[in-house]
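These are the residues of each chain, in order.
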Amino acid sequence: MIASFIVSFVILALLYYLKRKKVGFGSRVILAMLLGVAVGAFFQGDAIKVGTIGTIYVSLIKMIVMPLVIAMIITSVTALTDPQQLKKLGVKTVALFLATTGIAAVIGILVALVIDPGAGVTFVKDAAFQAREIPTFDKVLLDLIPSNPVNEMANGKVIPVIIFSLFIAVAILIERGRKPEKVQPVMDFLNSFAAIMFRVTKLVIALTPYGVFGLMASMAAKYGFSSLLPLGEVILAVYVACLLHFVITYGSLVTFVARVNPFRFLKKIYPVITVAFTTRSSYATLPVNLEVITKRVKVSEKIASFVAPLGATINMNGCGGLYPAIVAIFVARVFDIDLVFTDYLLIVGSAMIASIGTAGVPGPATISTTVVLTSLGLPLEGFALVLGIDAIVDMARTAINATGTTVSSLIIANSEGEFDREAFNTEVDEELDTKIA
């Protein structure tokens, strides 16, 4: 264990040295990820404690999510001069999220049918397995309503906090139309608070390479190759589906709808992909995503501040789209249940509905998958077979979710004239952690 700590300390010092030498943020994050995997694989169990560094990083990221969401939602909505624009933005954003989730489910079905991950897998009942209960409609609805905003913030419920922030923003818009002098002090405070939160975000983001190293070292130490082999085809199916969705769906949207160079776009957003992949949390990736969307992709703060927080909660291309579809095909194959075309349509439809309906519920991938399996009448016990590899596939799922939010921000901004195309094409990418001083 001492040897793993010494090696880890040397690597952390190296990462800091590279920062002082002004090596790019993204390059340091990728290097940290590779070194973390190497340390975890070499030291195995002794390297799990190194993951404490990553846990601290994720906690710091979560620390800033709620105040950042409140500040961004209120300032972005109050920046809208036309109330109809808010309605139009909301409809566009949710429609895009649903459409891409549906496409992801179709891709998941096709990949699972080709790879056939359930072939040769024998079901062994796990007595400890308990299926997640699907929340009723009234419970889901009540969970979205902010009965106690402070409590919702403490419990990490983003949707109720967004709704609370929207109420405040709309009230400010109404009062500003009647007595602007009354709300100006509040607006000044909120704008200052938003600026401060951006600065705090930069401070925390600067720690990303070190956090990524700790997270990957712990992950590699916990999951050896031997534990992954039995369900290797499921892992392969998820990663292939994620890659296809990334290339086909996101690539098409970026190339043909936003009309920008997809390789340039990828170069700008890869810090988001890396952080999402290692943290496995859309909420934890949100601050980085906001920075990338505004500073590197050149989307206006007004659009980014509205789309990104929603995307971190209800844009479930990975967790709610392709993953439940793959698991459904897998479980049907294991239990020798034949699915027909209408079943595949039901998978897509239920995945789209579940991605929105379970937005306020913890563990959206588990709930969404449970909804899909239940809608098809498939045995939920089959889900237990893949829970052991959830952390491995969750990295890919989260990376797809976060990337989808970035792509959606670009598409919405382009349609609203809030995308600075010239700056995107000509300006040198801003580093995410070099402007702290």
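Residues numbered from 1 in each chain as written. Predicted model: local features only at pLDDT ≥ 70, side-chain atom pairs only at ≥ 80, totals over all residues. Heavy atoms only, no water.

Scanning the chain for helices and strands turns up 19 helices and zero strands. Residues classed as buried in the chain amount to 54% of the 437 residues present. Intrachain contacts of the chain at a sequence separation of at least 6 include 85% that bridge at least 24 residues. For the chain, the accessible area works out to roughly 19,200 Å², and carbon and sulfur atoms hold 67% of it. (Helix = DSSP H or I, 4+ residues; strand = E, 2+ residues; numbered from the N terminus. Buried < 20%, exposed > 50% of the residue type's maximum accessible area, 1.4 Å probe, protein only. Contact = heavy atoms within 4.5 Å. Areas by Shrake-Rupley, 256 points an atom, 1.4 Å probe, with all protein chains shown as cover.)

What follows deals with the packing of helix 3 (residues 51-78) against helix 13 (residues 282-296). Two measures define how a pair of helices packs: the angle their axes make with one another and the distance between the axes. Two elements in contact, helix 3 and helix 13, have axes separated by 8 Å at closest approach and are oriented at 65°. The crossing of helix 3 and helix 13 is left-handed. Two secondary-structure elements touch here, helix 3 through Tyr-57, Ile-61, Ile-64, Val-65, Leu-68, Val-69 and Met-72 and helix 13 through Tyr-283, Ala-284, Leu-286, Pro-287, Val-288 and Leu-290. Its residues assigned to classes, the contact of helix 3 with helix 13 shows 13 nonpolar, no polar and no charged. (Axes fitted to C-alpha atoms, helices over the stretch in contact; angles between N-to-C directions. Left-handed = near helix turned anticlockwise from the far one by under 90°. Nonpolar A, V, L, I, M, F, W, Y, C, P; charged D, E, K, R; others polar.)

Examined against the element boundaries, Ala-391 turns out to sit in helix 18 (residues 390-415). Looking at Ala-391, the relative accessible area reads 7%, which means it is buried. C-alpha of Ala-391 to C-alpha of Met-219: the two residues are 172 residues apart in sequence and 8.4 Å apart in space.

Here we take up helix 8 (residues 180-205). Between its first and last C-alpha atoms helix 8 spans 36 Å; for 26 residues at 1.5 Å apiece the expected length is 38 Å, and the two agree. Here helix 8 has its buried residues at Val-183, Met-187, Leu-190, Ala-194, Met-197, Phe-198, Thr-201, Lys-202, Val-204 and Ile-205. (Expected span 1.5 Å × (residues − 1).)

All right, on to the pattern of salt bridges then. Applying the stated criterion to the full structure yields eight salt bridges. Residue Arg-397 is joined to Asp-390 by a salt bridge in which the shortest nitrogen-to-oxygen separation is 3.1 Å. The pair Arg-397 / Asp-390 is uniform in exposure class, with both members buried. Look at the salt bridges and you will find they share partners, linking Arg-280, Asp-390, Asp-394 and Arg-397 into a network. (Salt bridge = Lys/Arg side-chain N within 4 Å of Asp/Glu carboxyl O.)

Turning our eyes to something else, we now look at helix 7 (residues 158-178). In this model, helix 7 (21 residues) spans 31 Å end to end at C-alpha, consistent with the 30 Å of a helix rising 1.5 Å per residue. For helix 7, the complete set of buried residues consists of Val-158, Ile-159, Pro-160, Val-161, Ile-162, Ser-165, Ala-169 and Ile-172.

So, on to the confidence of the model for the chain. Regions with low pLDDT should not have their predicted coordinates read in detail. In this model, the chain carries an average pLDDT of 83, and 88% of its residues clear a pLDDT of 70 or more. Helix 11 (residues 232-257) holds the highest mean pLDDT among the elements of the chain, 94, whereas helix 10 (residues 225-228) holds the lowest, 56. (pLDDT = per-residue confidence, 0-100.)

A separate point is the nonpolar core. Membership of the largest hydrophobic core comes to 130 residues, with the highest contact counts inside it found for Tyr-323 and Ile-347. Setting aside residues up to four positions removed in sequence, Ile-347 forms contacts with Ile-109, Ala-325, Ala-328, Ile-329, Val-372 and Leu-376. (Core = buried A, V, L, I, M, F, W, Y, C linked by side-chain atoms within 4.5 Å.)

What follows deals with unusual backbone geometry. At Asp-116, a residue that is not glycine, the phi angle is positive and equals roughly 55°. With respect to the helices and strands, Asp-116 occurs in the loop between helix 4 (83-115) and helix 5 (137-144). One non-glycine residue, Lys-298, adopts positive backbone phi at about 70°. Relative to the helices and strands, Lys-298 resides in the loop between helix 13 and helix 14 (301-314).

Attention now goes to the packing of helix 2 (residues 25-43) against helix 12 (residues 262-279). Two elements in contact, helix 2 and helix 12, have axes separated by 9 Å at closest approach and are oriented at 25°. One way to sum up the angle between helix 2 and helix 12 is to call them roughly parallel. The hand of the helix 2/helix 12 crossing is left-handed. Contact residues: helix 2 offers Phe-25, Gly-26, Ser-27, Val-29, Ile-30 and Met-33, while helix 12 offers Tyr-270, Pro-271, Thr-274, Phe-277 and Thr-278. (Parallel < 35°, antiparallel > 145°, perpendicular 65-115°, else oblique.)

Attention now goes to the side chain of Thr-208. In this fold, Thr-208 is placed in helix 9 (residues 208-222). Of the residues examined, Thr-208 reaches a relative accessible area of 0% and is grouped as buried. For Thr-208, the residues in contact, after removing those within four places along its chain, are Phe-25, Val-29, Tyr-57 and Val-275.

This part is about the environment of Pro-271. Inspection of the secondary structure assignment puts Pro-271 in helix 12. A residue is classified by how much of its surface remains accessible, and Pro-271, at 1% relative accessible area, is buried. Separated by 14 residues in sequence, Pro-271 and Thr-285 have C-alpha atoms that sit 9.6 Å apart.

This part takes up a nonpolar patch on the surface. A cluster of nonpolar residues, Ile-2, Ile-6, Phe-9 and Val-10, forms a patch on the protein surface that exposes about 460 Å² of accessible area. Among the secondary structure elements, Ile-2 is positioned in helix 1 (residues 2-20). Of the residues examined, Ile-2 reaches a relative accessible area of 64% and is grouped as exposed. (Patch = residues over 30% accessible without salt bridge, like charges linked within 9 Å, V, L, I, M, F, W, Y side chains within 5 Å.)

This part is about the packing of aromatic side chains. Under the definition given, this model contains three aromatic pairs. Ring plane angle 15° and centroid distance 6.1 Å describe the contact between Phe-189 and Phe-193, whose orientation is recorded as stacked. One end of the pair is Phe-189 and the other is Phe-193, both in helix 8 and four residues apart, which spans about a single turn. Judged by relative accessible area, which is 27%, Phe-193 ranks as partly exposed. Measuring from ring centre to ring centre gives 5.5 Å for Phe-419 and Phe-424, while their planes differ by 70°; the resulting arrangement is edge-to-face. Note on accessibility: Phe-419 and Phe-424 belong to one class, buried. We note Arg-397 situated over the ring of Tyr-323; from NZ or CZ to the ring centre the distance is 4.3 Å. (Phe/Tyr/Trp six-rings, centres within 6.5 Å; stacked < 30°, edge-to-face > 60°. Lys NZ or Arg CZ within 6 Å of the ring centre and 35° of its normal.)

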